[in-house]
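Fold and geometry: a report
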Amino acid sequence: MVTCGPSSGRVVSSCDVCVPRWPCVVFDLDGTVVNTIPLIIASYRHAMDTVLGETPTDDEARGWIGQTLYDTFHRLHPSHAQELIDTYIAWNLEHLPELIEQFPGIPGMLDGLAAAGVLTGVATSKRRTSAEVSLQHADLAGRLPVTVAMDDTAVHKPHPEPLLLAVARLGGRPGDSAYVGDAVVDILAAKAAGMASIAVSWGAADRDALAAAQPDYLVDTVADLQGVLLP
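I will try to describe carefully the structure that is included in this document. The residue count restarts for each chain, going from 1 along the sequence in the order it is written. Local features are withheld for residues below a pLDDT of 70 in this predicted model, meaning they are given only at 70 or higher, and side-chain atom pairs are given and counted only at 80 or more; totals for whole chains, interfaces and linings count all residues. Side-chain measures were taken over the full set of non-hydrogen atoms in the model, leaving aside hydrogen atoms and water.

Concerning empty space enclosed by the protein
Convention followed: Cavities and pockets were defined on a 1 Å grid built from protein atoms only: a cavity is a group of points that admits a 1.4 Å probe but offers it no way out, a pocket is an open group of points flanked by protein on both sides within 12 Å along at least five of seven lines, and a lining residue is one with an atom within 4 Å of any such point. Grid points are joined across faces, edges and corners, and a volume is the space filled by probe spheres set on the points. Put simply, DSSP H or I for four residues or longer makes a helix, DSSP E for two residues or longer makes a strand, and each gets a number counted from the N terminus. Amino acids are sorted into nonpolar (Ala, Val, Leu, Ile, Met, Phe, Trp, Tyr, Cys and Pro), charged (Asp, Glu, Lys and Arg) and polar (every other residue, Gly among them).
Per the counting criterion, the structure on display carries 1 cavity of 30 Å³ or more. Here the largest cavity is characterised by a volume of approximately 260 Å³. As for the largest cavity, its lining consists of 19 residues, and the residues nearest its centre are Asp30, Leu69, Tyr88, Ser125 and Lys126. Elements with a contribution of two residues or more to the lining of the largest cavity: helix H1 (37-52) and helix H4 (81-99). For the lining of the largest cavity, the leading source of residues is H4, giving 3 residues. Among the residues making up the lining of the largest cavity, the classes are represented as 7 nonpolar, 7 polar and 5 charged.

Comments concerning H4
Selection rule: The angle separating two fitted axes, one through the seven residues that finish at a residue and one through the seven that start at it, defines the bend at that residue. Each residue is assigned to one of three classes by its accessible area relative to the maximum for its type, calculated with a 1.4 Å probe on protein chains only: buried under 20%, partly exposed between the two thresholds, exposed over 50%. Working rule for contacts: check all heavy atoms of both residues, and any pair within 4.5 Å makes them a contact.
Helix geometry: H4 is bent most strongly at Leu93, by close to 35 degrees, with proline Pro97 lying one to four residues after it. All of the buried residues in H4 are Ala81, Leu84, Ile85, Thr87, Tyr88, Ile89, Trp91, Asn92, His95 and Leu96. Elements in contact with the buried residues of H4: H1, helix H3 (69-76) and helix H6 (128-137).

Quick look at the pairing of strand E5 (residues 119-123)
Formally: Strand pairing is assigned whenever DSSP identifies at least 2 bridges connecting the two strands. Seen with its strands pointing away from the viewer, a crossover is right-handed if its path from the first strand over the helix to the second goes clockwise.
Counting buried residues in E5 gives 4 out of 5 residues, a clear majority hidden from the surface. By the bridge criterion, 2 bridges tie E5 to strand E6 (residues 146-148) in an arrangement that is parallel. By the bridge assignment, Ala123 is partnered in E6 with Val148. What joins E5 to E6 is H6, and the crossover it makes is right-handed.

Looking at the nonpolar core
Grouped burial of nonpolar side chains is what soluble globular proteins tend to show. Selection rule: Nine residue types can take part in a nonpolar core, namely buried Ala, Val, Leu, Ile, Met, Phe, Trp, Tyr and Cys, and a core is a set of them joined through side-chain atoms within 4.5 Å.
If you look at the biggest cluster of nonpolar residues, it comprises 37 residues, and the most contacted ones within it are Trp22, Phe27, Ile198, Leu225 and Leu229. Val51, Leu69, Phe73 and Ile89 belong to the second-largest nonpolar core, a separate cluster that totals 18 residues.

Re unusual backbone geometry
Here the amide bond leading from Lys157 into Pro158 is cis, since omega sits at 20 degrees, within 30 degrees of zero. Checked against the element boundaries, Pro158 lands in the loop between E6 and helix H7 (161-170). The residue Asp139 is not glycine, and still its phi comes out positive at about 60 degrees. Along the polypeptide, Asp139 turns up in the loop between H6 and E6. Located in the positive-phi region is Gln214, a residue other than glycine, with phi close to 60 degrees. Positionally, Gln214 belongs in the loop between helix H9 (207-212) and strand E9 (217-219).

Some details on the pattern of salt bridges
Selection criterion: Salt bridges are counted wherever a side-chain nitrogen of Lys or Arg sits within 4 Å of a carboxyl oxygen of Asp or Glu.
The final tally for this structure, using the stated rule, is 11 salt bridges. Measuring nitrogen to oxygen at the nearest pair gives 3.1 Å for the salt bridge that ties Lys126 to Asp30. Taken together, the residues Lys126 in the loop between E5 and H6 and Asp30 in the loop between strand E2 (24-27) and strand E3 (34-35) connect sequence positions 96 residues apart. On the accessibility criterion, Lys126 (10% relative accessible area) is buried. Two residues, Asp111 and Arg143, come together in a salt bridge whose shortest N-O distance is 2.9 Å. Highlighted residues: Asp111 in helix H5 (residues 106-115) and Arg143 in the loop between H6 and E6, separated in sequence by 32 residues. On the basis of relative accessibility, which here comes to 38%, the residue Asp111 falls in the partly exposed class. You can call Arg143 partly exposed: its relative accessible area is 28%. Salt bridges sharing common partners tie together Arg128, Glu132, Asp152 and Arg169.

Set out below in structure tokens:
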């Protein structure tokens, strides 16, 4: 594993002409290219308080990020799962415009990848409608397509199928592609798909947990990520 950022002492320098390390790069959405973490935590808290009369801690809700709502709620509260899902989605979409945030530097990095000819897309556990609305509000809709959403596969991360489908739709090959995510399930899915795994520490998961999953790269800033993708 290569680490980049304050803990490693590595400095990523700018370059006039950058050659991409991988011709195809797929990104996770929540907590990776768009800061939806406060929105997701608040949505979980609202849904569970409304339906069950109990409220998860922020750390508990963070631990569910990266998994589908269906998997999370059917595992935790199978008898109330659909009501929880419906309540979560309604509140999430209503409050998305006010709670979503852009990660500084992401738009410029995506522009740099496009200029270098890199094929890019999103593979997310989010429903397609929610994913597309999130990208629109983060001003990324024209830069990054939702290649694979929850609706597109029967199984989800950490299973590799969403990533493999995304690479195929982009016209790439798994061995020449990388997946970027902020959760342990992202790293596991990338490894299972035969793709390079890049973990970012600015999202939902604890940095130590990400390191323990042994991604190929672990980065702490968007500049570090750009340095890995466009060395």
